[in-house]
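Given next are the chains, with one letter for each unit.
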Amino acid sequence: MVMIDQYILGGFVASLFGFVLLYNLRRKIKQNKCSKIVRNDQCIKTSNEGIRRSAADGGSTDIIIVGAGVAGAALAITLGNEGRRVHVIERDLTEPDRIVGELLQPGGYLKLIELGLADCLQDIDAQQIFGYALYMDGKNTKLSYPLEKFNSDVSGRSFHNGRFIQRMREKAATLPNVRLEQGTVTSLLEEEGTIKGVQYKTRNGEEMTASAPLTIVCDGCFSNLRRSLCTPKVDVPSCFVGLILENCDLPFANHGHVVLADPSPILFYPISSTEVRCLVDVPGQKVPSIANGEMATYLKTVVAPQIPSQLYDAFIAAIDKGKIKTMPNRSMPANPLPTPGALLMGDAFNMRHPLTGGGMTVALSDIVVIRDLLRPIHDLNDATTLSKYLESFYTLRKPVASTINTLAGALYKVFCASSDQARKEMREACFDYLSLGGIFSNGPVSLLSGLNPRPLSLVLHFFAVAVYGVGRLFLPFPTPKRIWLGARLLSVSIFTSWLSIYNDTKIFFYSSVTVPILDNGCVCHPLFGKNVL
């Protein structure tokens, strides 16, 4: 009984500490970091001797964008429509072939509409997504997005990532003030602590420089420039194994399907009218070999028996077809080094586990924030004003980014199988809690979908699941073993939630943030659409 009392007391103290911390975080917003740029000779150059300047440059460019993936292409169109002269440098302008970046949440689709980019989903056979189906131990439940307040067009979207990117690149190329160029950026150009442009190699191997008062780096998860602009702490908790199932119907049409399998989740969602993407999560950084047949054996013997029976034949056929792809799942909290003349965004800046499909939603939300911050600035060559505005970006993006990032990390931990009894109970409690429907499913799903990016709501639902799990253990009546397990469940949930929050951001609330204003312009609140001043 002494041990039980210690767990209960420990859980109470941890809860009290958590809420005190939450209260203090709401009252105090940490001052903007004054960090000096970390100089990496491979990323920052201060001398341009012997290197040609881009012929299209010569002071005619307002903004250089490094990378033309989802974030870079969407940003180029957005800033081009704002009248900025944009130079985009992308390593490879051919259509990408990826197994992630294929599911856009409803919150991300709303941002796409706000940016005037919804037409980029036309003519690529994109599919509407209205929610998720969750499977575990022979049970299933359907979780619908809370879309009652929106018109029928608003939903999630799933598609071939490469088709979507090419549509945005094509749209960007139609703008007269946007220039797309294929080349590899090798370094940022710095003068007296301010980034002035980039050094890059053209597709023909010629070394060039390009200058602009603002350089935005969004060159993806493999960024070779991020070390100059942030302190990266990349974690690889697992890998995805990707397959395409052909000519099969999902059990729940127009829904993503999540199977809480052993050892970790399996995802299914449509990417065209005839294709279903399957992503098998494999914990760790190593996967079975595809070349020697180990992967096929693993998929057939370990994974196949756990998927819905309606998909079994198509799954086996996809394995036999042999088009299996893998990729590491990276997560990296945002830890910027504010640098005059430069900004980091997209997967180059911040990553979360792709289980929840939140990456594009975060990127598009960031673009809305950047657009609104830059609108009042008529002259980007005013380095002091530009830096003042851009430092606000890292705070204004927090509600959306932190909510989605924290949820992705926490759900992945909860959804993975474990031999620990407390974690097993947490997993079952989460499934049963969501199966209750109503506010119990609408709340978490609205967070997942990006429709309700409120960190406090996320914390409350996480604790509600833990309390629900403890309550289940005490029925029909509490026993010493059940009380002990309940205390462990509560302490594990508290530790997991607060660790996820702390790792992602130390600035969770920003109700007292003052955003700079210039020439009677206003910066709109990225969530509520009104002036924050």
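Residues numbered from 1 in each chain as written. Predicted model: local features only at pLDDT ≥ 70, side-chain atom pairs only at ≥ 80, totals over all residues. Heavy atoms only, no water.

(A) Looking closely at the packing of helix H11 (residues 439-448) against helix H12 (residues 455-473). Running from amino to carboxyl end, H11 crosses H12 at an angle of 135 degrees, the nearest separation of the two axes being 10 Å. One finds that H11 runs oblique with respect to H12. Between H11 and H12 lies a crossing of left-handed hand. Residues Ile439, Gly443, Pro444 and Leu447 of H11 form the contact with H12, whose participating residues are Ser457, Leu458 and His461. Grouping the constituent residues of the contact of H11 with H12 by class yields four nonpolar, three polar and no charged. (Axes fitted to C-alpha atoms, helices over the stretch in contact; angles between N-to-C directions. Helix = DSSP H or I, 4+ residues; strand = E, 2+ residues; numbered from the N terminus. Parallel < 35°, antiparallel > 145°, perpendicular 65-115°, else oblique. Left-handed = near helix turned anticlockwise from the far one by under 90°. Contact = heavy atoms within 4.5 Å. Nonpolar A, V, L, I, M, F, W, Y, C, P; charged D, E, K, R; others polar.)

(B) How the structure looks around helix H6 (residues 312-321). For H6, the set of buried residues is Ala314, Phe315, Ile316, Ala318 and Ile319. Along its buried surface, H6 packs onto strand E14 (235-246), strand E17 (275-283) and helix H5 (294-303). With its phi angle positive at about 90 degrees, Gly322 sits one or two positions after the end of H6. (Buried < 20%, exposed > 50% of the residue type's maximum accessible area, 1.4 Å probe, protein only.)

(C) Main features of the packing of aromatic side chains. Counted under the stated rule, the structure contains six aromatic pairs. Arranged with centres 4.8 Å apart and planes meeting at 45 degrees, the rings of Phe159 and Phe164 form a pair that is tilted. The class for Phe159 is buried, based on a relative accessible area of 0%. Owing to a relative accessible area of 1%, Phe164 belongs among the buried residues under this scheme. For the pair Tyr433 and Phe440, a centre-to-centre distance of 5.4 Å together with 80 degrees between the ring planes defines the contact as edge-to-face. Judged by relative accessible area, which is 4%, Tyr433 ranks as buried. (Phe/Tyr/Trp six-rings, centres within 6.5 Å; stacked < 30°, edge-to-face > 60°.)

(D) Looking closely at the UniProt feature "transmembrane region" (unreviewed entry) in the chain. In this numbering, the UniProt entry assigns the feature "transmembrane region" (unreviewed entry) to residues 6-25, 458-475 and 482-501. Span residues 458-475 is 89% helix and 0% strand, its end C-alpha atoms 26 Å apart. (UniProt positions renumbered as here; feature names shortened; annotations may be inferred.)

(E) Representation of the nonpolar core. In terms of nonpolar packing, the biggest core is built from 70 residues, with Ile65, Phe164, Met168, Val198 and Leu374 touching the most fellow members. For this core, the element with the most residues is helix H7 (residues 359-374), which contributes nine residues. Not counting residues within four places of it along the chain, the set of residues in contact with Val198 comprises Ile64, Val66, Ile89, Val185, Ser187, Leu188, Leu189, Met208, Thr209, Ala210 and Thr215. Residues Leu103, Leu260, Cys416 and Leu447 belong to the second largest nonpolar core, which totals 45 residues. (Core = buried A, V, L, I, M, F, W, Y, C linked by side-chain atoms within 4.5 Å.)

(F) Inspection of the confidence of the model for the chain at higher detail. The share of residues in the chain with pLDDT of 70 or more is 81%, and the mean pLDDT across the chain is 85. Considering only residues more than four positions removed or in separate chains, one finds that residues 1-14, a stretch of pLDDT under 50, has twelve contacts. A low-confidence stretch, residues 25-42 (pLDDT under 50), is modelled with 33 contacts involving residues beyond four sequence positions or located in other chains. (pLDDT = per-residue confidence, 0-100.)

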